[in-house]
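These are the residues of each chain, in order.
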Amino acid sequence: MTGMCIATYRSFDDKADFHKKALSIAVGLTVGSWTELPEAQKAEMEKHLGKVLSVHVHEPDNAAPGERYADIRIAYPDINFSRDIPALLVTVFGKLSMDGRIKLIDLDVSETFASAFPGPKFGLEGVRGLLGVHDRPLLMSIFKSVVGHDLAGLREQFYKQALGGVDLIKDDEILFENPLTPLEKRVETCMEAARKASEETGQKLLYAVNLTGPTSQLASNARKAIAAGANALLFNVLSYGYDVLHELSSDPAINVPIAAHPALAGAMYPSPHYGISASLLLGKLMRLAGADLALFPSPYGSVVMPKAENLAVKDALLQPLHGLKPSFPVPSAGIHPGLVPLILRDFGTDVVVNAGGGIHGHAMGTAAGGQAFRQAIDATLAGKPLSEAANEPGREALAAAIKAWGIREA
Ligand code: 1AE
């Protein structure tokens, strides 16, 4: 008996017979036609036929135009597609994604399908292990203003970020191969700054260098970066495709954590009517493809994702999934220290607090920007309101951050 991958869709239509629609999807995306087939051929094709598992119609009384929808679940036999994410996505949402108001909400892949995916090589615990930090949220900072700057500028910026007590530093996702800061030189320069800062802070640090270039050169670029000392990679997954991440994360020579950046995701998840849900796009599929850390917007920062959707991304990264390691959730964009209590309330301690402008924009400088976050994290873990903690001696960095950006209560 073959396994099945189950797709859940939300389909909007003011008049459609959703049961008929579900059947036409199940048949249309598998055997193509059914009723016209001779009986002998039906028996032969049965194992390839998609099955409608459920259709729940939401039709409120006095529904305004555009409000009527159905949640439809369809099971697709594994036998129809090869065990890779491109084949799965084209099967369940290829042509269908362009056919009216329909959104792919979730995918439950079979055990057989999942067995082709080792998932994150390090995952949440592995990243903690590399850093030796197990008892608090991690802090990541993002290089800013790096396009057009040279190695000396990068070295200085890296050092200041590291001095602030961050655990990870990531390249800006818009930093590509360029003559001023070429990949290997960039890694050597930043890792040297990391060593220097470590002597002062006593902290370990991961530098996620942006892995870029034509797809055919990515694995070789990753190896070059690692040979130059890189201890993590940043990857713009959606511009390349999940299968590229899967190839990189399954490569035994690429033995460093990979952070998945969500660039382009806004073209796919925000509409209620079209695209792919955030939890699938930025959660489950990133993890299946092997992301050790997954970045996504938060409910509180400058790029806002509704809270329920946001927590669904977190759950997709952390909850049991075919024995795969959990990926570290990294809610990002417009994060400042005054948001730390909300982040920890909603995400717990297994979260990476990530900021660019919220660190570099600190009135006392970049290093103080990192310190302010660390102070906010420590105070929140101790159950102390930030307004109180900021008045304590030694917490001037936190006080300045709160003065600039305030504290968000809820
Ligand atoms: C959702 C990704 C956020 C990101 O990559 C980035 O660069 C954020 O910068 P800030 O923290 O908004 O300045």
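Bear in mind the structure is a predicted one, so any value in this text is a computation, not a measurement.

**A word on the overall build of the chain**
Secondary structure assignment for the chain yields 17 helices and 13 strands. Expected size for 410 residues packed as a compact globule is a radius of gyration near 22 Å; at 24 Å, the chain falls within 12% of this value. Projected onto its principal axes, the C-alpha coordinates of the chain cover approximately 80 × 50 × 35 Å. Across the 410 residues in the chain, those meeting the buried criterion constitute 54%. Long-range contacts, defined as pairs at least 24 residues apart, comprise 73% of the intrachain contacts of the chain with a sequence gap of at least 6. For the chain, the accessible surface area stands at approximately 17100 Å², while carbon and sulfur atoms represent 55% of it. The average position of the 38 basic charges and that of the 44 acidic charges among the side chains of the chain differ by 1 Å.

**Here we look at the environment of Pro118**
Structurally, the position occupied by Pro118 is in the loop between helix H4 (111-114) and helix H5 (123-131). Residues Pro118 and Gly323 lie 205 residues apart in sequence; the distance between their C-alpha atoms is 9.1 Å. Setting aside residues no more than four positions away along its own chain, Pro118 makes contact with His246, Ser250 and Leu324.

**Section: the sheet that holds strand S12 (residues 328-332)**
Strand order in the open sheet formed by eight strands is S12-S11-S9-S8-S7-S6-S5-S13, with parallel pairing between adjacent strands. If you trace the sheet from one side to the other, it starts and ends with S12 and strand S13 (352-355), each paired once. The sheet shows a mean angle of 25° between the axes of neighbouring strands, direction not considered. As paired elements, strand S6 (residues 168-170) and strand S7 (residues 206-210) share three bridges and run parallel to each other. The partner of Lys170 across the bridge, within S7, is Ala208.

**What to know about helix H3 (residues 85-93)**
Residues three or four positions apart in an α-helix share a direction because the helix packs 3.6 residues into each turn. Within H3, seven of the nine residues are buried, which leaves the element mostly enclosed by the surrounding structure. Ile85, Ala87, Leu88, Leu89, Thr91, Val92 and Phe93 are the residues of H3 that are buried. The N-cap of H3, judged by a side-chain oxygen 2.9 Å from the amide nitrogen of Ala87 a few residues on, is Asp84.

**A word on the nonpolar core**
Formed by 107 residues in total, the largest nonpolar core has its most connected members in Tyr9, Leu104, Phe158, Tyr242 and Leu282. Broken down by element, the residue count for this core peaks at eight residues, all from helix H11 (residues 278-289). Both domains that meet at this core, namely domain 1 (4-114) and domain 2 (123-405), each give it at least three residues. Setting aside chain neighbours within four positions, we find Tyr242 in contact with Ile85, Leu89, Val237, Leu280, Leu281, Leu285, Met286 and Ala289.

**As for the sheet that holds strand S10 (residues 275-276)**
Strand order across the open sheet formed by five strands is S2-S3-S1-S4-S10, with mixed pairing between neighbours. Since the sheet does not close on itself, it has two edges, and those belong to strand S2 (51-58) and S10, each with one partner. Here nine bridges tie strand S1 (residues 4-12) to strand S3 (residues 69-77), and the two strands are oriented antiparallel to one another. Paired with Met4 across the strands is Pro77, a residue of S3. Running at roughly 150° to S2, helix H1 (residues 18-28) makes contact with S1, S2, S3 and strand S4 (102-108) of the sheet. H11 rests against S4 and S10 of the sheet, and its axis sits at about 30° to S4.

**What about the pattern of salt bridges?**
One pass over the full model with this rule turns up 17 salt bridges. A salt bridge links Asp71 to Arg10, with the nearest nitrogen and oxygen atoms 2.7 Å apart. Linking Asp71 in strand S3 with Arg10 in strand S1, this pair joins segments that are 61 residues apart in sequence. One salt bridge connects Arg395 with Glu392, and the closest N-O pair in it is separated by 2.7 Å. Overlapping salt bridges, with partners in common, bring together Asp106, Asp108 and Lys284 in one network.

**A few points about the site of the ligand**
Around the ligand, a shell composed of 13 residues is seen, among which Lys144, His261, Gly334, Gly356 and Gly357 lie nearest. For the ligand, the protein covers 84% of the area, taking 380 Å² as the surface of the free molecule. Among the residues forming the shell around the ligand, the class breakdown is four nonpolar, five polar and four charged.

**Observations regarding the domain arrangement of the chain**
What the domain assignment lists for the chain is domain 1 (4-114) and domain 2 (123-405). Between the C-alpha centres of domain 1 and domain 2 there is a distance of 36 Å. With 21 residues of domain 1 at the interface, the matching set in domain 2 holds 18 residues. Carbon and sulfur atoms supply 63% of the area buried between domain 1 and domain 2, which totals about 1600 Å² over both sides. Lys284 is paired through a salt bridge with Asp108; the nearest N and O atoms lie 3.1 Å apart. Linking domain 1 to domain 2 there are eleven residue pairs in polar contact (both at pLDDT 80 or more).

**Digging into the environment of Glu173**
Relative to the helices and strands, Glu173 resides in the loop between S6 and helix H7 (183-201). Note: C-alpha distance between Glu173 and Leu211 (38 residues apart in sequence) is 9.1 Å. The contact partners of Glu173, leaving out residues within four places of it in the chain, are Asn210, Leu234, Asn236 and His261. Within the structure, Glu173 has its side chain in polar contact with the side chain of Lys170 (distance 3.4 Å).

Reading the values: the criteria
- Residues numbered from 1 in each chain as written.
- Predicted model: local features only at pLDDT ≥ 70, side-chain atom pairs only at ≥ 80, totals over all residues.
- Heavy atoms only, no water.
- Helix = DSSP H or I, 4+ residues; strand = E, 2+ residues; numbered from the N terminus.
- Rg over C-alpha atoms; globule rule 2.2 N^0.38 Å.
- Buried < 20%, exposed > 50% of the residue type's maximum accessible area, 1.4 Å probe, protein only.
- Contact = heavy atoms within 4.5 Å.
- Areas by Shrake-Rupley, 256 points an atom, 1.4 Å probe, with all protein chains shown as cover.
- Lys, Arg positive; Asp, Glu negative; His and termini not counted.
- Charge placed at Lys NZ, Arg CZ, Asp CG, Glu CD.
- Pairing = 2+ DSSP bridges.
- Axes fitted to C-alpha atoms, helices over the stretch in contact; angles between N-to-C directions.
- Polar contact = N/O pair within 3.5 Å; in protein donor to acceptor, adjacent residues only side chain to side chain.
- Core = buried A, V, L, I, M, F, W, Y, C linked by side-chain atoms within 4.5 Å.
- Domains from an automatic or database assignment.
- Salt bridge = Lys/Arg side-chain N within 4 Å of Asp/Glu carboxyl O.
- Near = heavy atom within 4 Å.
- Nonpolar A, V, L, I, M, F, W, Y, C, P; charged D, E, K, R; others polar.
- Buried area = accessible area lost by both parts, 1.4 Å probe.

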